[in-house]
Amino acid sequence: MKVIQDNPSKSFPILVVDDNRLQRTVLETSLKAAGFEVVVAENGKEGLDIFRHGYYPIVMTDWVMPEMSGLELCRAIRSDDSGRYTYIILLTSQDSKNDIIAGLEAGADEYLIKPAHQAELVSRLKTAKRILELESSQQRYIEEIKSLSLIDPVTGAFNRRYMDEHISQEIKRAYRYERSLSLILVSINRFRDVIVAHGHYSGDVVLKQCADCLAESIRKDVDWLARYGEESFMVVLAETNMAEGMIVAKRLRLRIASLDIRMHEKEVRVSASFGVAGFTASQQKLGMTADVLIDNTDRCLTKAREEFGETIRGVQIG
């Protein structure tokens, strides 16, 4: 959600919906005189279409309109699943308690009796602005908490929860666009030996530096990295077939082997084993699952660790 600025002229657009041309023009003029940016719609259907194609934190709508009433527009806006909050002010000449309750129950936050007095109008908009600022702050806080819950605190990579939730989405995306998808499972060799020799903190240092190395070696905003186990990571490569994934794994193996890790002025050298699995959606019937893809990657990693001198194993599924 956008942060609302204190200066109305540099603020957010207000969507005004009214089928009465004169009243619409008067309201638009009043709002612009107060420094607000205004977008107008001549009826509820047009207003809903404009709302769905832009960002309008405040909507001011007439109650009685043909085709779609203000109450119907309120309900449609409240059913929007964009995650943004919209402050709705209902404009009405109906001031009975029952009418006001009906408007609030339909989703309106506030109501104004027409014709709206300029000072009252600006005052209500200031209230709307404060509420939107609080909502924006709360949303940022929620997003920060959610982000922290998906990050591994030791390595800074995504955690297992994130991986479990997003690999299925990557598979769906591969089928939608008939593209390839590959996974690389990376396991640090003799990780327990490092801890025995240098202590548990040294293990965290090794994991962090390996994670940074892996993250820096893949495509930003396309591929992603998650911590899979105590000493292992999952690299997810979008639009990458198994053969290409093998090339990436070889590059990652060399970069990890070349890491210069210092622990108590002593050099710590690490290496890693790799399992690679991938599929191409255009050649694979709909039915690939995260469990199948991860299981095949895990099996390849097991073979790589068991076969002396072979640190990468891969399989093309399908």
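The structure reproduced in this document is the subject of the present report. Note that the structure is predicted; figures quoted are calculated from it, not measured.

1. Concerning the pairing of strand β4 (residues 87-92)
Line of reasoning, step 1. Of all six residues that make up β4, six are buried, and the element is covered over most of its length.
Line of reasoning, step 2. Direction of pairing for strand β3 (residues 58-62) relative to β4: parallel, over a ladder of five bridges. In the strand pairing of β4, D62 is matched with L91.
Line of reasoning, step 3. Pairing analysis gives four bridges linking β4 to strand β5 (residues 110-113), with the strands arranged parallel. Paired with T92 across the strands is I113, a residue of β5.

2. Describing the side chain of R24
Line of reasoning, step 1. Position of R24 relative to the elements: it lies in helix α1 (residues 21-33).
Line of reasoning, step 2. Of the side chains with opposite charge, E42 lies nearest to the buried R24, which makes no salt bridge, at 4.0 Å.
Line of reasoning, step 3. In this view, R24 contacts V16, D18, D19, V40, A41 and E42; residues no more than four positions away in its chain are not counted.

3. Quick notes on the environment of A119
Line of reasoning, step 1. Structurally, the position occupied by A119 is in helix α5 (residues 118-149).
Line of reasoning, step 2. Looking at A119, the relative accessible area reads 48%, which means it is partly exposed.

4. Topic: the sheet that holds β4
Line of reasoning, step 1. If you trace the five strands from one edge of the open sheet to the other, you get β2-β1-β3-β4-β5, paired in parallel fashion. Strands with a single pairing partner mark the edges of an open sheet, and in this sheet they are β2 (37-41) and β5. Neighbour-to-neighbour, the strand axes of this sheet turn through a mean angle of 20 degrees, independent of strand direction.
Line of reasoning, step 2. Packing of α1 onto the sheet brings it into contact with β1 (13-17), β2, β3 and β4, and relative to β2 it is tilted by some 165 degrees.

5. Observations regarding helix α6 (residues 160-177)
Since the α-helix turns once every 3.6 residues, residues separated by three or four places project in the same direction.
Line of reasoning, step 1. Compared with an ideal rise of 1.5 Å per residue, which puts 18 residues at 26 Å, α6 spans 26 Å between its outermost C-alpha atoms and is within 8% of the ideal.
Line of reasoning, step 2. At H166, α6 shows its largest kink, close to 25 degrees.
Line of reasoning, step 3. Among the residues of α6, those classed as buried are Y162, M163, H166, I167, E170, I171, A174 and Y175.
Line of reasoning, step 4. Close packing links the buried residues of α6 with β6 (180-188), β7 (224-227), β8 (232-238), β11 (272-280) and α10 (290-306).
Line of reasoning, step 5. Taking the backbone nitrogen of R161 as reference, a side-chain oxygen 3.2 Å away marks N159 as the first, capping residue of α6.
Line of reasoning, step 6. After α6 finishes, the residue E178 shows a positive phi value of roughly 55 degrees.

6. A closer look at α10
Line of reasoning, step 1. When the terminal C-alpha atoms of α10 are compared, their 24 Å separation across 17 residues agrees well with the 24 Å that a helix rising 1.5 Å per residue should span.
Line of reasoning, step 2. By the burial criterion, the buried members of α10 are A290, L293, I294, T297, C300, L301 and A304. Summarising the axial view, the buried residues of α10 lie within an arc of 125 degrees, below the 170-degree limit, and thus occupy one face. Exposed side chains of α10 directed beyond 90 degrees from the buried face belong to D291, R299 and E306.
Line of reasoning, step 3. Considering only its buried residues, α10 is in contact with α6, β6, β8, β11 and β12 (312-316).

7. Examining the packing of helix α8 (residues 200-216) against helix α9 (residues 242-257)
Line of reasoning, step 1. Direction vectors running N to C along α8 and α9 enclose 140 degrees, while the axes themselves pass 10 Å from each other. Relative to α9, α8 is oriented oblique. Note on packing geometry: the crossing formed by α8 with α9 is right-handed. Residues C210, C213, L214 and E216 of α8 lie in contact with α9, whose contacting residues are L252, R255 and I256.
Line of reasoning, step 2. Of the residues in the contact of α8 with α9, the class split is five nonpolar, no polar and two charged.

8. Topic: the pattern of salt bridges
Line of reasoning, step 1. On inspection of all chains with the given rule, the structure shows 17 salt bridges.
Line of reasoning, step 2. With its nearest N and O atoms 3.5 Å apart, the salt bridge here joins E165 to R161. Residue E165 and its partner R161 are located together in helix α6, separated by four residues, close to a single helical turn.
Line of reasoning, step 3. On the basis of relative accessibility, which here comes to 37%, the residue E165 falls in the partly exposed class.
Line of reasoning, step 4. The class of R161 is partly exposed, set by a relative accessible area of 46%.
Line of reasoning, step 5. Residues joined by salt bridges that share partners form a network here, namely E110, E120 and R124.

9. Considering the sheet that holds β6
Line of reasoning, step 1. Strands sit in the order β7-β8-β6-β11-β12 across an open sheet of five strands; the sheet is mixed. Looking at which strands have only one partner, the edges of the open sheet turn out to be β7 and β12. Adjacent strand axes in the sheet meet at a mean angle of 15 degrees, parallel and antiparallel pairs treated alike.
Line of reasoning, step 2. Across the sheet, α10 lies against β6, β8, β11 and β12, angled at about 145 degrees from β11, the strand it touches most.

The rules we used
- Residues numbered from 1 in each chain as written.
- Predicted model: local features only at pLDDT ≥ 70, side-chain atom pairs only at ≥ 80, totals over all residues.
- Heavy atoms only, no water.
- Buried < 20%, exposed > 50% of the residue type's maximum accessible area, 1.4 Å probe, protein only.
- Helix = DSSP H or I, 4+ residues; strand = E, 2+ residues; numbered from the N terminus.
- Pairing = 2+ DSSP bridges.
- Lys, Arg positive; Asp, Glu negative; His and termini not counted.
- Salt bridge = Lys/Arg side-chain N within 4 Å of Asp/Glu carboxyl O.
- Contact = heavy atoms within 4.5 Å.
- Axes fitted to C-alpha atoms, helices over the stretch in contact; angles between N-to-C directions.
- Expected span 1.5 Å × (residues − 1).
- Bend = angle between axes of the 7 residues up to and from the residue.
- Polar contact = N/O pair within 3.5 Å; in protein donor to acceptor, adjacent residues only side chain to side chain.
- Arc of directions from axis to C-beta.
- Parallel < 35°, antiparallel > 145°, perpendicular 65-115°, else oblique.
- Left-handed = near helix turned anticlockwise from the far one by under 90°.
- Nonpolar A, V, L, I, M, F, W, Y, C, P; charged D, E, K, R; others polar.

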